[in-house]
Amino acid sequence: QVQLVESGGGLVHAGGSLRLSCTASGNIFSIDPMGWYRQAPGKQRELVAAITSGGSTNYADSVKGRFTISRDNAKKTVNLQMNSLKPEDTAIYYCNARILVRTGLRFNDYWGQGTQVTVSS
């Protein structure tokens, strides 16, 4: 069974920083990509950032230059460093990973439980 466990998040003033981490565990053969999504109240879930096993990254325009995604393939961990946070970054942040399990035939999407990020003005 595959699990994604998130840590980090919390309450911060505008202009502050937070770091999110997510670790995958289970009978995993490969993970590609890993990333973070967020969902604000009344809005659809949106991609924040994603990173491939080779290190290629993709960011939402709204976070470019402020957020940095990184991963440790050996530890099956993805991190999101969030700087210069704005009130509009307030949302539940979800870790996402496309995973091929050792007994599987194709990659499937897995999600973390979500962690709240609140940025006060």
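Residues numbered from 1 in each chain as written. Predicted model: local features only at pLDDT ≥ 70, side-chain atom pairs only at ≥ 80, totals over all residues. Heavy atoms only, no water.

Colleague: Would you mind going over the overall build of the protein with me for this structure?
Modeller: Within the protein one finds 0 helices and 11 strands. When the elements of the protein are put in sequence order from the N terminus, they spell out β-β-β-β-β-β-β-β-β-β-β. In terms of overall dimensions, the protein is globule-like: its C-alpha atoms have a radius of gyration of 14 Å, near the 14 Å expected for 121 residues. Per-residue burial for the protein yields a buried fraction of 40% across its 121 residues. Contacts in the protein between residues at least 24 apart in sequence constitute 57% of all its contacts with a sequence separation of at least 6. For the protein, the accessible surface area stands at approximately 6500 Å², while carbon and sulfur atoms represent 48% of it. The protein carries 13 positive and 8 negative side-chain charges, and their two centres are separated by 4 Å. (Helix = DSSP H or I, 4+ residues; strand = E, 2+ residues; numbered from the N terminus. Rg over C-alpha atoms; globule rule 2.2 N^0.38 Å. Buried < 20%, exposed > 50% of the residue type's maximum accessible area, 1.4 Å probe, protein only. Contact = heavy atoms within 4.5 Å. Areas by Shrake-Rupley, 256 points an atom, 1.4 Å probe, with all protein chains shown as cover. Lys, Arg positive; Asp, Glu negative; His and termini not counted. Charge placed at Lys NZ, Arg CZ, Asp CG, Glu CD.)

Colleague: Hey, could you run me through the layout of surface pockets in this one?
Modeller: The gaps left among the atoms become clear once a water-sized probe is rolled over them. In this structure, the largest pocket occupies an estimated 180 Å³ of space. For the lining of the largest pocket, the per-class residue count stands at 2 nonpolar, 4 polar and 7 charged. (1 Å grid on protein atoms, 1.4 Å probe; cavity = no way out; pocket = protein on both sides within 12 Å on 5 of 7 lines; lining within 4 Å. Points joined across faces, edges and corners; volume = space filled by probe spheres on them. Nonpolar A, V, L, I, M, F, W, Y, C, P; charged D, E, K, R; others polar.)

Colleague: Can you help me understand the pairing of strand β11 (residues 115-120) in this one?
Modeller: As a general feature of sheets, a regular strand has side chains that alternate between the two faces. A one-sided burial pattern is seen for β11, the buried positions being Thr115, Val117 and Val119 and the unburied ones Gln116, Thr118 and Ser120. Here strand β2 (residues 10-13) pairs with β11 via 4 bridges, running parallel. Bridge assignment links Leu11 to a residue of β11, and that residue is Thr118. One ladder, built from 3 bridges, connects strand β9 (residues 91-101) with β11; its direction is antiparallel. (Pairing = 2+ DSSP bridges.)

These values are about where atoms sit, not about what they do.
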